[in-house]
Amino acid sequence: MEEPPLDVLIVGAGPTGLALAAQLRAYGVRFRIIDRHQDRARESRALAVQPRTLEALAPFGVSEELVRRGNPAVRLSMHLPGRTVRVPLFDLGVADTPYPFLLFLSQAETESVLGRHLTDGGTPLERGVELVGTVGAGEQVACRLRRGDGAEERVTTRYVAGCDGARSTVRQQAGIGFEGHSYPQTFLLADLEADGLEPGAAHACMTDAGMVFFFPLVSPASWRMLAIRPPDTPDTAGTAVSLAMLQSLVDRYVDLPLRLRDPVWMTDFKIHNRGAGRYRSGPFFLAGDAAHIHSPAGAQGMNTGIQDALNLGWKLAMVCRGTAPAALLDTYDAERAPVGRDVLRFTDLAFKIATSAHPLIRSARTRLAPRVAPLVLRPAPLRAAAFRRLGQLAVDYRRSPLTAAGSRPSRHGPRAGDRLPDTPPGLQALTARPGHHLLLCGPPGSWNGSPEPAAPARGRAGLLHVHRLGTDAPWAGTVHCLVRPDGYIAYLATGTDLTGLSAHLDRWLPPREPERPGP
């Protein structure tokens, strides 16, 4: 008997594909997830999970396990010739997120947690299976899959999600360009032990000769080391990296008596800055490294990919289940492509500042910045702004076609298009259940004696959940707010008139059954 078509074929089982699979499964979508590699990555370049990513993954019950395995660092030690400058990072008491820290955690560990979540729930990860071709056929895509033993299989699906990295087969099949450039430097990377480093902090060793970074991990080793290959050594990316090579570099660049030992893995690599021309072409979607690759500055890459997936996942689920119009899928590119472009610009600028050999920039980097940074970052508001920028808490969709505000939007608190803060604590957990959430806020009696609060939920059973927050809410006064399944505010207005909300819902989440007139 022929298998019915899939809703979604996910190509790539890295963090991006795994996050997408977790969300599709939460909504009961028919999907498969494949990866051409026989096993998950045992080593990786991504090394940190940002606060917004932990928030976004919390509904799947995996964030606490990620925190348990990782190292939440709160300070940076900048080592200069003859002295060390310590800069506090996230000791801000930020109250609107349950995760006010940068979590240092190997990508391999992140993949392990997400993969375990799926397989424990009965979702197989089909490794050693490669997408080798596609053919569009009306509203379906015929996909040719090849296993490691050469056996081939043909499957049909409504949509294909390319989470398959920088050399994405899905991107090639979709005919989407991937423009950008490569950096000339070669980087050295290793997970190892380093005797002589203060634990619980990130370390930047800065000299005129070069820089070396150490980031605190828990597994598979205590430290992640990152450095640029010295310019006076042969540029032989792809060749074996030895512990002796890394120790020699540390002895040359670091004004500390460090001894490296017990490497778990070592490699060297080139860095690129490239972005897809668009994130969707018909039934094909791109997310993660298939859509954007860049330097590791700011630990943005894996986190941006996971949030691509969680933006796309609920939209695919709603459309596949017939509870939202197909136009909802157009908002994926409209929302995530600008975020990807911003990350490319930010990481490109940070990379150039960190690696430039220009005498003025090098002097500013190694002499001026270490002296100025503690003064600039001393005021908590500046550090909080930097934390929100790097932690991706400041990402918003205010200009999205999916975002709307009433005629009298609240002037205080988050705006339409912003993420829903965890204010009061537990609000994000309250809205973690799959579906949309309507928050009714205001003084006692604001929403009493009116049938209107129940009206938006009619015809949307299981899709729209209504919560009365009272005055313990992110806004003052009487406010109603619609929260999307990915935790962003889709609609916001003051007062109790739900006319605008109803129009917004009718467009993007139409009732599944006809409204019946009252008696």
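Residues numbered from 1 in each chain as written. Predicted model: local features only at pLDDT ≥ 70, side-chain atom pairs only at ≥ 80, totals over all residues. Heavy atoms only, no water.

Q: Lay out unusual backbone geometry with the relevant residues and their values.
A: With omega at 5°, the peptide bond leading from T423 into P424 counts as cis. Mapped onto the fold, P424 is located in the loop between strand 20 (404-405) and helix 11 (427-430). Non-glycine residue D262 carries a positive phi angle of around 50°. Positionally, D262 belongs in strand 16 (residues 259-276). Residue D262 is classed as partly exposed on the basis of its relative accessible area of 49%. The backbone of Q392 shows a phi angle near 65°, a positive value even though the residue is not glycine. The residue Q392 is located in the loop between helix 10 (380-390) and strand 20 in this model. Judged by relative accessible area, Q392 falls into the buried class, the value being 4%. (Helix = DSSP H or I, 4+ residues; strand = E, 2+ residues; numbered from the N terminus. Buried < 20%, exposed > 50% of the residue type's maximum accessible area, 1.4 Å probe, protein only.)

Q: A description of the environment of G122 should follow, citing residues and the corresponding values.
A: With respect to the helices and strands, G122 occurs in the loop between helix 4 (107-120) and strand 8 (126-127). Put simply, G122 and R25 are 97 residues apart on the chain and 9.9 Å apart in space, counted from C-alpha to C-alpha.

Q: Can you explain the sheet that holds strand 24 (residues 489-494)? Please cite residues and give values.
A: Whether parallel or antiparallel, the strands of a sheet pair through hydrogen bonds between backbone atoms. With respect to topology, 5 strands assemble into an open sheet ordered 20-24-23-21-22, the strand pairing being mixed. Every interior strand has two partners, whereas the edge strands, strand 20 and strand 22 (464-470), have only one. (Pairing = 2+ DSSP bridges.)

Q: Just give me the short version of the pairing of strand 21 (residues 436-441), but keep the residues and values in it.
A: Extensive coverage of strand 21 is indicated by the burial of 6 of its 6 residues. Where burial is concerned, the two faces of strand 21 agree: the one with H436, L438 and L440 and the one with H437, L439 and C441 are both buried. Here strand 21 pairs with strand 22 via 6 bridges, running parallel. Across the sheet, the residue bridging to H436 is L464, located in strand 22. Sheet topology note: the strand 21/strand 23 (residues 479-483) ladder contains 5 bridges and is antiparallel. Residue pairing for strand 23: L440 is matched across the bridge by H480.

Q: Any details on the pattern of salt bridges? Residues and values, ideally.
A: As enumerated under the stated definition, the model contains 28 salt bridges in all. Linking D120 and R116 is a salt bridge whose minimum nitrogen-to-oxygen distance equals 3.1 Å. A residue pair is termed a helical-turn pair when its members lie 3 or 4 positions apart in one helix, as D120 and R116 do in helix 4 at 4 residues. A relative accessible area of 53% means that R116 is categorised as exposed. Across the pair R261 and D195 runs a salt bridge, and its minimum N-O distance is 2.9 Å. With R261 in strand 16 and D195 in strand 12 (residues 178-195), the pair connects residues that are 66 residues apart, well separated along the chain. For R261, a relative accessible area of 26% puts it in the partly exposed group. What emerges from the salt-bridge pattern is a single network uniting R52, E55, D96, R388 and R419. (Salt bridge = Lys/Arg side-chain N within 4 Å of Asp/Glu carboxyl O.)

Q: Break down the environment of R40 for me, citing the residues and quoting the values.
A: Structurally, the position occupied by R40 is in the loop between strand 2 (31-35) and strand 3 (48-49). As for R40 and A13, which are separated by 27 residues in sequence, their C-alpha atoms are 7.8 Å apart. For R40, the residues in contact, after removing those within four places along its chain, are A108, E111, S112 and R127. (Contact = heavy atoms within 4.5 Å.)

Q: Can you tell me about empty space enclosed by the protein, naming the residues and giving the values?
A: All chains considered together, the criterion is met by 2 cavities of 30 Å³ or more. Size it by volume and the largest cavity reaches roughly 70 Å³. Taken together, W314, L328, L402, H436, L482, R484, A490, H504, L505, W508 and L509 make up the lining of the largest cavity. Among the elements that make up the lining of the largest cavity, the one with the highest residue count is helix 12 (residues 499-508) (3 residues). Along the walls of the second largest cavity sit R45, L47, L189, R224, L226, F269 and P296, which together make up its complete lining. (1 Å grid on protein atoms, 1.4 Å probe; cavity = no way out; pocket = protein on both sides within 12 Å on 5 of 7 lines; lining within 4 Å. Points joined across faces, edges and corners; volume = space filled by probe spheres on them.)

Q: Describe the packing of helix 1 (residues 15-26) against helix 4, and please don't skip the residues or the numbers.
A: Look at helix 1 against helix 4: their axes get within 9 Å of each other, and the N-to-C directions meet at 25°. One way to sum up the angle between helix 1 and helix 4 is to call them roughly parallel. As helix 1 runs across helix 4, the sense of the crossing is left-handed. Residues P15, L18, A19, A21, A22 and R25 of helix 1 pack against Q107, E111, L114, G115, H117 and L118 of helix 4. (Axes fitted to C-alpha atoms, helices over the stretch in contact; angles between N-to-C directions. Parallel < 35°, antiparallel > 145°, perpendicular 65-115°, else oblique. Left-handed = near helix turned anticlockwise from the far one by under 90°.)

Q: I'd like a description of the nonpolar core, backed by residues and values.
A: Membership of the largest hydrophobic core comes to 86 residues, with the highest contact counts inside it found for V8, I10, L24 and L57. Top element by residues in this core is helix 7 (residues 301-320). It accounts for 11 residues. Apart from residues lying up to four places away in sequence, L57 is in contact with A19, V62, S63, L66, L114, I306 and L310. In this structure, L197, M225, V241 and V254 belong to the second largest nonpolar core, which totals 19 residues. (Core = buried A, V, L, I, M, F, W, Y, C linked by side-chain atoms within 4.5 Å.)

Q: Can you explain helix 4? Please cite residues and give values.
A: Residues spaced three or four apart along an α-helix face the same direction, because each turn holds 3.6 residues. End to end, helix 4 covers 20 Å across 14 residues, agreeing with the expected 20 Å (1.5 Å per residue, within 8%). Summarising burial for helix 4: 10 of the 14 residues are buried, a large majority. Along helix 4, the positions that sit buried rather than exposed are Q107, A108, E109, T110, E111, S112, V113, L114, G115 and L118. On its buried face, helix 4 sits against helix 1, strand 3, helix 2 (51-57), helix 3 (63-69) and helix 7. Its side-chain oxygen placed 3.1 Å from the backbone nitrogen of A108, S106 serves as the N-cap of helix 4. G122, located one to two residues past helix 4, shows a positive phi value of around 95°. (Expected span 1.5 Å × (residues − 1). Polar contact = N/O pair within 3.5 Å; in protein donor to acceptor, adjacent residues only side chain to side chain.)

Q: Go over the pairing of strand 11 (residues 152-162), please, and point to the residues and values.
A: Taken together, the 5 bridges between strand 1 (residues 6-11) and strand 11 define a ladder with parallel strand orientation. In the strand pairing of strand 11, V11 is matched with G162. One ladder, built from 6 bridges, connects strand 10 (residues 140-147) with strand 11; its direction is antiparallel. Bridge assignment links C143 to a residue of strand 11, and that residue is V155. What sits between the antiparallel neighbours strand 10 and strand 11 is a turn of 4 residues, in which G150 has the positive phi angle 95°. In this sheet, strand 18 (residues 284-286) lies alongside strand 11 in parallel orientation, the contact comprising 3 bridges. Bridging from a neighbouring strand, V160 pairs with F284 of strand 18.

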